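Residue-level listing of the chains:
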Amino acid sequence: FFFFFQAEDGIRDVERSRGLGDVYKRQIQSPVTICGDIHGQFHDLLELFKTGGELPGTSYVFMGDYVDRGYYSVETIEYLFCLKALYPSRITLLRGNHESRKVTGDYGFYDEILKKYGNPNPWKFITDTFDCLGISAIVDGSIFCVHAGLSPEIPTIDQINTIERRMEVPFEGAFCDLLWSDPKEIERWGINERGAGWVFGSLVVDQFNHLNGLDLICRSHQIAQDGFYYMFDKKLVTVWSVPNYCYRCGNMASVMSVAPGEKDHKFSLFTSVSDRSKLKHYSQCVPYFLQQAFAYIKKFQDCLLYTSDAADEGLGVDLGGRRIIKKKT
């Protein structure tokens, strides 16, 4: 997957040199469905596709935070990577603040990798791939999609292409701000209680949209009890795609559908999967590598059950009702 995303970036570098595209902000045409955080709730991700439409029939933009907190971050990110490899032009994966080594080390993804694979190598490969994800996307030239918010260092969208993003997400600067900032009912900029990024208000949004010819800023990053909410006279919307966040918040989830020429966008709501038996913390799961090991151990145990006499004489040995013939060797 790392090499796949690197190859895609190489193609975009060529396109950019020819004036055909940009590397860090994806240009996307509607119809498209925009999604917020997923946070490792794999069965709810499948419910999302049932609600919004299956690939490749529906085009998607995901705005980051695919891992951590939920019990199935491994299945979630690998499934999304597979969909990206199968339908590269139909799904866009942006980077969120949780697509970093530091955050995934603190909020569950690293521990889940160790439990399920027995070593940290898959975590290293996947986090290396996170460095290749895009920062933002623009739909129909009028909807700016980003994980979190705005930055005082990025008044125009074109400046996003100056960010070196093939690296760990820093805790300050423009790259950090786009993945950590939050809107707030103020006018300008303020200190963010998260300890990273900023809070920004109505005048900041008005100016950013005006300078860049935008109608709407679409972001995720904050839970929405009803699945989504607008701010600043519908110039900014938060889309949240994790139902019953952390399996206890009881919130709705949504996806936003953008149709050509339509200003009023459709929100499709969905709830968490009803079958609670599917939800099992990764610490209670049998690791993947052990599942294969158990199969080999069982075969080895069957071999050990042969008596030396039976083996020497080429006799059949009864193993739990099964008749097995051992050839003399």
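The structure displayed is predicted, hence computed values, not measured ones. (Residues numbered from 1 in each chain as written. Predicted model: local features only at pLDDT ≥ 70, side-chain atom pairs only at ≥ 80, totals over all residues. Heavy atoms only, no water.)

Asks: Got a minute to help me understand the overall build of the chain in this structure?
Replies: Each helix and strand in the chain was counted, giving 10 helices and 16 strands. Considering the chain as a whole, with its 329 residues, one finds that 51% of them fall into the buried category. By element, 53% of the accessible surface of the chain is carried by carbon and sulfur atoms, the whole surface being about 15,700 Å². (Helix = DSSP H or I, 4+ residues; strand = E, 2+ residues; numbered from the N terminus. Buried < 20%, exposed > 50% of the residue type's maximum accessible area, 1.4 Å probe, protein only. Areas by Shrake-Rupley, 256 points an atom, 1.4 Å probe, with all protein chains shown as cover.)

Asks: Would you take a moment to explain the environment of Ser151 for this structure?
Replies: Residue position: Ser151 is located in the loop between β6 (143–146) and α7 (174–180). Exposure remark for Ser151: the relative accessible area of 3% places this residue in the buried category. Note: C-alpha distance between Ser151 and Cys176 (25 residues apart in sequence) is 8.5 Å. Excluding its chain neighbours within four sequence positions, the residues that come into contact with Ser151 are Ala174, Asp177, Leu178 and Trp189. A distance of 2.7 Å separates the side chain of Ser151 from the side chain of Asp177, its partner in a polar contact. (Contact = heavy atoms within 4.5 Å. Polar contact = N/O pair within 3.5 Å; in protein donor to acceptor, adjacent residues only side chain to side chain.)

Asks: For this particular structure, what's the right way to read helix α5 (residues 109–117)?
Replies: An α-helix turns once every 3.6 residues. As a result, residues three or four positions apart point the same way. Inspection of α5 places Phe109, Glu112, Ile113 and Lys116 among the buried residues, and these make up the whole buried set. The buried residues of α5 occupy an angular sector of 105° when the element is viewed end-on, so they sit on one face. (Arc of directions from axis to C-beta.)

Asks: Just to check I follow, could you spell out the nonpolar core for this structure?
Replies: Generally speaking, nonpolar side chains in soluble globular proteins are found buried as a group. Core analysis: the largest hydrophobic core is formed by 29 residues, its most contacted members being Leu48, Phe49, Phe62, Tyr66 and Leu80. The set of elements that each furnish at least two residues to this core consists of α2 (42–52), β3 (60–62), α3 (73–86), β4 (91–93), α5, α6 (121–130) and β13 (253–258). Beyond its immediate chain neighbours, meaning those up to four positions away, Phe49 contacts Glu54, Leu55, Tyr60, Phe62, Tyr79, Leu80 and Leu83. Ranked by size, the runner-up nonpolar core spans 27 residues in total, among them Leu150, Ile160, Phe200 and Ile217. (Core = buried A, V, L, I, M, F, W, Y, C linked by side-chain atoms within 4.5 Å.)

Asks: What's the story with the side chain of Arg95 in this structure? I'm lost.
Replies: When you line up the elements, Arg95 lands in the loop between β4 and α4 (101–106). One polar contact links the side chain of Arg95 to the main-chain carbonyl oxygen of Glu99, over a distance of 2.9 Å. A distance of 3.2 Å separates a polar atom in the side chain of Arg95 from the backbone oxygen of Arg165.

Asks: Mind showing me how you'd approach the sheet that holds β13 here?
Replies: Sheet strands line up and pair through hydrogen bonds in the backbone, either parallel or antiparallel. On the basis of which strands lie adjacent, the open sheet formed by five strands has the order β4-β3-β2-β13-β14 and mixed pairing. Two strands lie at the open edges of the sheet, namely β4 and β14 (266–270), each paired on one side alone. Here the average twist between neighbouring strands, direction ignored, is 20°. (Pairing = 2+ DSSP bridges. Axes fitted to C-alpha atoms, helices over the stretch in contact; angles between N-to-C directions.)

Asks: Would you explain the environment of Thr271 in this entry?
Replies: With respect to the secondary-structure elements, Thr271 resides in the loop between β14 and α9 (288–304). Separated by 20 residues in the primary sequence, Thr271 and Asn251 place their C-alpha atoms 7.8 Å from one another. If we skip the residues at most four places from it in the chain, Thr271 touches Asp44, Glu47, Pro243 and Met252.

Asks: I'm lost on the sheet that holds strand β7 (residues 182–183) in this one. Help?
Replies: Across the sheet, three strands lie side by side as β7-β9-β8; this open sheet has mixed pairing. Edge positions in the open sheet fall to β7 and β8 (189–191), since each of these has one partner strand only. Where β8 and strand β9 (residues 198–200) come together, three bridges link them in antiparallel fashion. Counterpart to Trp189 in the pairing with β9 is Phe200.

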